[in-house]
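So you can see what is in the structure, the chains are spelled out below.
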Amino acid sequence: MSAHTILFLNQKGGVGKTTSVVNLGSALARMGQRVLVIDLDSQANMSSALALNRDGHTIYHVIAGSVGYDRAIRETSVKNLHAIVSDINMAGLNIELVDQDRREYYLKDALEGIEEQWDYILVDCPPSLGLVTVNAMVWAQKVIIPLQCEYLAMEGLNLLMRTIGNIKKSLNPNLQVLGILFTMYSKRTRLANEVVEDVSSFFPSLVFKTLIPRNVRIAEAPSHGLPINVYDQASLGSKAYKELAKEVASRVATN
């Protein structure tokens, strides 16, 4: 059976994409799943959050065709969790790809066959809808949209849904939104509850029941190079990502 390929996608930065890739990946790995996380963002925050250095082969080298993906896969400190890191070269890739034939298919071609080795592949996409993100959407099956509980969240979400719809129509008929994930949720603020209510009424079947709380321990964990379920297993953040892992597993089984 081939992997469930899931992109974490939002054109806005700072919404919890990287945090969710690392922590959901680690939670699924703890459930005994074979998980690969891939960093497509030139800022390489995912790589830092797992204490992986950026020397050696990165996703850029894989897409450029200078190495096969198997030579870029690294072990992490978590059993069953592996990673392909990013580096600053990814910043120029949008421009490098512009004049290429089949420019939307570079990632798909470079990763051909990788799905056979894993149960889940989670991808941290850059905070833009440029060619690198389009490449990811052409290759993957599913999208999780992390959404911060804040004003204007809905506006960006509508644009993103349209973009996903366009890619589905023209380049990847298999692409679907697996769910919308609320991050940095604080039940004490009225705005957070209003945003959750609004988005849930527009997309009732898409919103994950699990809300990722605004949690100091989640924020601290990356500076120690550890996922939250290793850094502080008893924290609210760790419990939330464990619940999310169960919910994701259940959704991919029925989708």
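Thresholds, definitions, all that
Residues numbered from 1 in each chain as written. Predicted model: local features only at pLDDT ≥ 70, side-chain atom pairs only at ≥ 80, totals over all residues. Heavy atoms only, no water. Helix = DSSP H or I, 4+ residues; strand = E, 2+ residues; numbered from the N terminus. Expected span 1.5 Å × (residues − 1). Buried < 20%, exposed > 50% of the residue type's maximum accessible area, 1.4 Å probe, protein only. Salt bridge = Lys/Arg side-chain N within 4 Å of Asp/Glu carboxyl O. Axes fitted to C-alpha atoms, helices over the stretch in contact; angles between N-to-C directions. Parallel < 35°, antiparallel > 145°, perpendicular 65-115°, else oblique. Contact = heavy atoms within 4.5 Å. Nonpolar A, V, L, I, M, F, W, Y, C, P; charged D, E, K, R; others polar.

### Brief notes about helix H11 (residues 236–254)
Step number 1: Compared with an ideal rise of 1.5 Å per residue, which puts 19 residues at 27 Å, H11 spans 27 Å between its outermost C-alpha atoms and is within 8% of the ideal.
Step number 2: What H11 keeps buried is the set Gly237, Ser238, Ala240, Tyr241, Leu244, Ala245, Glu247, Val248, Arg251 and Val252.

### Description of the pattern of salt bridges
Step number 1: All told, the structure shown has nine salt bridges when counted by the stated rule.
Step number 2: In this structure, the salt-bridge partner of arginine 102 is aspartate 109, at a minimum N-O distance of 3.1 Å.
Step number 3: One salt bridge in this structure joins glutamate 104 and arginine 103, with 3.7 Å as the shortest N-O distance.
Step number 4: One salt-bridge network, held together by shared partners, links Arg217, Glu220 and Asp232.

### Notes on the packing of helix H1 (residues 17–30) against H11
The description of two packed helices rests on the angle between their axes and on the distance between the axes.
Step number 1: Look at H1 against H11: their axes get within 9 Å of each other, and the N-to-C directions meet at 75°. The angle between the axes of H1 and H11 places the two elements in the roughly perpendicular class. Residue-level inspection shows Thr19, Ser20, Asn23, Leu24, Ala27 and Leu28 of H1 in contact with H11, the latter providing Tyr241, Lys242, Leu244, Ala245 and Val248.
Step number 2: Across the contact of H1 with H11, the residue classes break down as seven nonpolar, three polar and one charged.

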